[in-house]
Amino acid sequence: MAMQDWTVQPQEARSGGQGSVAFVVHNKSGAAGALKRMHPETAKEKERRFRFYSEVGALKAMDGHGVPLVIESNEECFSDKCAELYLVMERIEGSNISDFISKHGNIELTDALIIINRVLEIVEEGHRLEIFHRDLKPDNIMLRGDDVSDPVIVDYGMSWNKPAHQEQNYKTPGGKELGNRFLRLPEYAPNGIHRDSRSDLTMLIGILFYLLVGKAPRWLVSELGLAPHDHLDAEMPEKLKNDERWLRLRSVFNIGFQHRIEMRFQTSEELRLKLKQVCADPPEPKGDEFMKELAAFREKIETIEAQRRQALVETMISASSALEISLRTAFEGEGFSVKGFKSNSRSGGTVVVFTIQIGDNKSGRQSGLFEHSMETDFINVQTSYRVDFGPKYDGMLGQTADFENFQRNIISGKEILMAAILRTIAV
Ligand SMILES: Nc1ncnc2c1ncn2[C@@H]1O[C@H](COP(=O)(O)OP(=O)(O)OP(=O)(O)O)[C@@H](O)[C@H]1O
Ligand SMILES: [Mg+2]
């Protein structure tokens, strides 16, 4: 058993970041195989050699379950730097997803879901064996016989697998960035979370996106704060947007592309269920306004932007309450009695209002009803006040991006408001 027992076929070898893959036939039996070798320039690097060892270990553990079978390999020689490492694996006839999409263009939702559901099963089996692929992308998924129902995952060269690490007691350096440019995940930053099944699930959502749109999602959040399906909205095929399953598909992207890992799909079961719901019949017959509104509402609150806005509304309510309490405490400290309504939001959360009225215990006189508002267009925040529903006076202006500073300013400017309230007693 040696690499020399195999003859490289004239077909062009595929060369990637880790190594090269060539088609080979066995000199005696004529059996077909795919030979993976390391690039000569990096073949002596300890970490790369361990990755090769780990890749073969992962393939062996998966035992042909949606991955190429291992025919022969010398991966156990990985610590002997003089040995040239090689792997001969089952040859998968067919294209990888990148080549398939280049050849055929984007594919239909039904076929895309067939691919993703099967890839999910394979990934899940890996997770069961404590193998995280960590480099799922269109180049690393092949379609056997170009058949959408038979995807095969290749390239476990970036994978982490517990058995390999335990056997060799090898520590992969955590201070490096992981992943690929197809879809960068925040948790793959240096010293991030590098062994998490949720990251593989996220990459699967990226592949679903690629199958339908023909573009790499690249980032979970664009510079405008948008997820790929909103950022690349113009690239979405019209046919897909007109599909009756479109809104339910958006839900998959809304959740799957969340920036924070704990807000994405947490388990493969969760993702499988959501994928199933994409094709389920709509819940109610046409004309059901409530269900339509409910779906639109859900869809809205799932978006990053909506969450950002919701967080801002909550921040405004707490800042407004802090101001109100601080006014109340200051007046009570000076012997005034204080009445009023606590901060609450109006106009869908864009305005937060409280009212306050003070009374002078000695003279029995009361101030006007002082109403304080904080209003936002989600970029700026403006405070204003009015007395007894009279004309509005502008208070402070700040930016939502620096709410912290704005809140400090409104609290430190409370004396101006107190003076304004007090003046309304005198008249
Ligand atoms: N068993 C196989 N049978 C047929 N083709 C294969 C097989 N394994 C890989 N390939 C093809 O070779 C390409 C490169 O393989 P692989 O991804 O394992 O190498 P790599 O050097 O790690 O690549 P990269 O670093 O670019 O991800 C794949 O994209 C796929 O098209
Ligand atoms: Mg690859």
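What counts, and at which threshold
- Residues take numbers from 1 onward in each chain, read along the sequence in its written order.
- Each chain is given a letter, starting from A, and each ligand a number, starting from 1, according to the order in which they appear as written.
- Where totals are concerned, whole chains, interfaces and linings use all residues; where local detail is concerned, this predicted model gives features only for residues with pLDDT of at least 70, and gives and counts side-chain atom pairs only at 80 or more.
- In DSSP terms, a helix is any run of H or I states spanning at least four residues, a strand is any run of E spanning at least two, and both are numbered starting from the N terminus.
- Partly exposed residues are those whose C-beta has more than 12 but fewer than 20 other C-beta atoms within 10 Å; with 20 or more the residue is buried, with 12 or fewer it is exposed, and the C-beta atoms are placed from the backbone.
- Strand pairing is assigned whenever DSSP identifies at least 2 bridges connecting the two strands.
- Fitting a line to C-alpha atoms yields each axis, with helices limited to the stretch in contact; the angle taken between N-to-C directions then spans 0 to 180 degrees.
- Contacts here follow a simple rule: the backbone-placed C-beta atoms of the two residues must lie within 7 Å.
- Each residue receives a C-beta atom placed from its backbone. It is near a molecule or strand if this atom lies within 6 Å of it.
- For this classification, Asp, Glu, Lys and Arg are treated as charged, while Ala, Val, Leu, Ile, Met, Phe, Trp, Tyr, Cys and Pro are nonpolar and the rest, including Gly, are polar.
- The split of the chain into domains comes from an automatic or database domain assignment.
- Note on terminology: a nonpolar core is any set of buried Ala, Val, Leu, Ile, Met, Phe, Trp, Tyr and Cys residues joined through C-beta atoms within 7 Å.
- Any helix carries an expected span of 1.5 Å times its number of residues minus one.
- Comment: arc refers to directions from the helix axis out to C-beta atoms.
- Here the angle decides the label: under 35 degrees means roughly parallel, over 145 means roughly antiparallel, 65 to 115 means roughly perpendicular, and every other value means oblique.
- Crossing handedness: left-handed means the near helix sits turned counterclockwise from the far one by under a right angle, and right-handed means the same turn made clockwise.

**Examining the environment of T303**
Right, so step 1: Along the chain, the position of T303 falls in the loop between α10 (289-302) and α11 (304-333).
Right, so step 2: By the C-beta count within 10 Å, which is 20 here, T303 ends up buried.
Right, so step 3: Spatially, the C-alpha atoms of T303 and N254 are 5.8 Å apart, while their sequence positions differ by 49 residues.

**Things to note about the sheet that holds strand β7 (residues 94-96)**
Right, so step 1: Strand order in the open sheet formed by 3 strands is β7-β9-β10, and the pairing between neighbours is antiparallel. Whereas interior strands pair on both sides, the edge strands pair on one side only; in this sheet they are β7 and β10 (151-153). Neighbour to neighbour, the strand axes of the sheet diverge by 30° on average, direction disregarded.
Right, so step 2: In this fold helix α2 (residues 97-104) packs onto β7 and β9 (141-144), with an angle of close to 100° to the strand it touches most, β7.

**As for the sheet that holds strand β16 (residues 370-376)**
Right, so step 1: Within the open sheet, the 5 strands sit side by side as β14-β15-β16-β17-β18. Their pairing is antiparallel. Every interior strand has two partners, whereas the edge strands, β14 (336-346) and β18 (393-399), have only one. The mean angle between the axes of side-by-side strands here comes to 15°, regardless of whether they run parallel or antiparallel.
Right, so step 2: Inspection of the sheet shows strand β17 (residues 380-387) paired to β18 by 5 bridges, in the antiparallel sense. Bridged to N380 within β18 is Q399.

**Some thoughts on the site of ligand 1**
Right, so step 1: With respect to spatial proximity, 20 residues lie near ligand 1, and among them R14, G16, G17, Q18 and D155 are the closest.
Right, so step 2: Counting residues per element, the ones that place at least two in the shell around ligand 1 are β3 (19-26) and β4 (32-38).
Right, so step 3: When the residues that make up the shell around ligand 1 are grouped by side-chain class, the tally is 7 nonpolar, 7 polar and 6 charged.
Right, so step 4: Per-domain counts for the shell around ligand 1 show at least three residues from each of domain 1 (1-91) and domain 2 (93-302).

**Notes on the nonpolar core**
Right, so step 1: One finds I116, L204, I207 and L208 to be the most contacted residues of the largest nonpolar core, which totals 67 residues.
Right, so step 2: Among the elements that take part in this core, helix α5 (residues 197-213) stands out by supplying 11 residues, more than any other.
Right, so step 3: Looking at which domains feed residues into this core, each of domain 1 (1-91) and domain 2 (93-302) supplies at least three.
Right, so step 4: In contact with L208, not counting residues within four places along its chain, are A112 and I116.

**Quick look at the pairing of β17**
Right, so step 1: Direction of pairing for β16 relative to β17: antiparallel, over a ladder of 7 bridges. Looking across to β17, one finds that S373 is bridged to S384.
Right, so step 2: The turn linking β16 back onto β17 is made up of 3 residues, and F378 within it adopts a positive phi angle of 75°.
Right, so step 3: In textbook terms, the turn of a hairpin is the stretch between consecutive antiparallel strands, and for β17 and β18 this stretch comprises 5 residues, one of which, D388, has a positive phi near 50°.

**Examining helix α9 (residues 268-279)**
Right, so step 1: With 12 residues, α9 extends 17 Å from end C-alpha to end C-alpha; this agrees with the ideal 16 Å at 1.5 Å per step.
Right, so step 2: Listed in full, the buried residues belonging to α9 are S268, L271 and L275. All buried residues of α9 fall inside an arc of 65° around its axis, so they share one side. Residues of α9 that are exposed and point more than 90 degrees away from the buried face comprise E269, L273 and K276.
Right, so step 3: Against the buried residues of α9 lie α3 (109-128), α5 and α8 (246-256).

**Structural notes on the packing of α8 against α10**
Right, so step 1: Put simply, α8 and α10 touch, their axes get as near as 9 Å, and they point 25° apart. One finds that α8 runs roughly parallel with respect to α10. Our pair here, α8 against α10, has a crossing hand that is left-handed. Contact with α8, carried on its side by L247, R250, S251, N254 and I255, involves A295, E299 and E302 of α10 and no other residues of that element.
Right, so step 2: Within the contact of α8 with α10, the residues separate by chemical class into 3 nonpolar, 2 polar and 3 charged.

**Topic: the packing of α3 against α5**
Right, so step 1: Interhelical geometry of α3 versus α5 gives an angle of 160° and a closest axis separation of 10 Å. Here α5 runs roughly antiparallel to α3, going by the angle between their axes. Classified by chirality, the crossing of α5 by α3 is right-handed. Mapping the contact onto sequence places L109, A112, I115, I116, V119, L120, V123 and H127 in α3 and S197, D200, L204, I207, L208, L211 and L212 in α5.
Right, so step 2: Split into classes, the residues belonging to the contact of α3 with α5 amount to 12 nonpolar, 2 polar and 1 charged.

**Focus: helix α12 (residues 403-412)**
Right, so step 1: Of the residues making up α12, those classed as buried are F406, Q407 and I410. What you see down the axis of α12 is that its buried residues fit within an arc of 100°, all on one side. In α12, the exposed positions angled more than 90 degrees off the buried face are occupied by E404, N405 and S412.
Right, so step 2: Summarising the contacts, the buried residues of α12 are in contact with α11, β17 and β18.

**Here we look at the environment of L204**
Right, so step 1: If you trace the backbone, L204 turns up in helix α5.
Right, so step 2: Taking the number of C-beta atoms within 10 Å as the measure of exposure, L204 has 24 and is therefore buried.
Right, so step 3: Spatially, the C-alpha atom of L204 lies 42 Å from that of N344, the residues being 140 residues apart in sequence.

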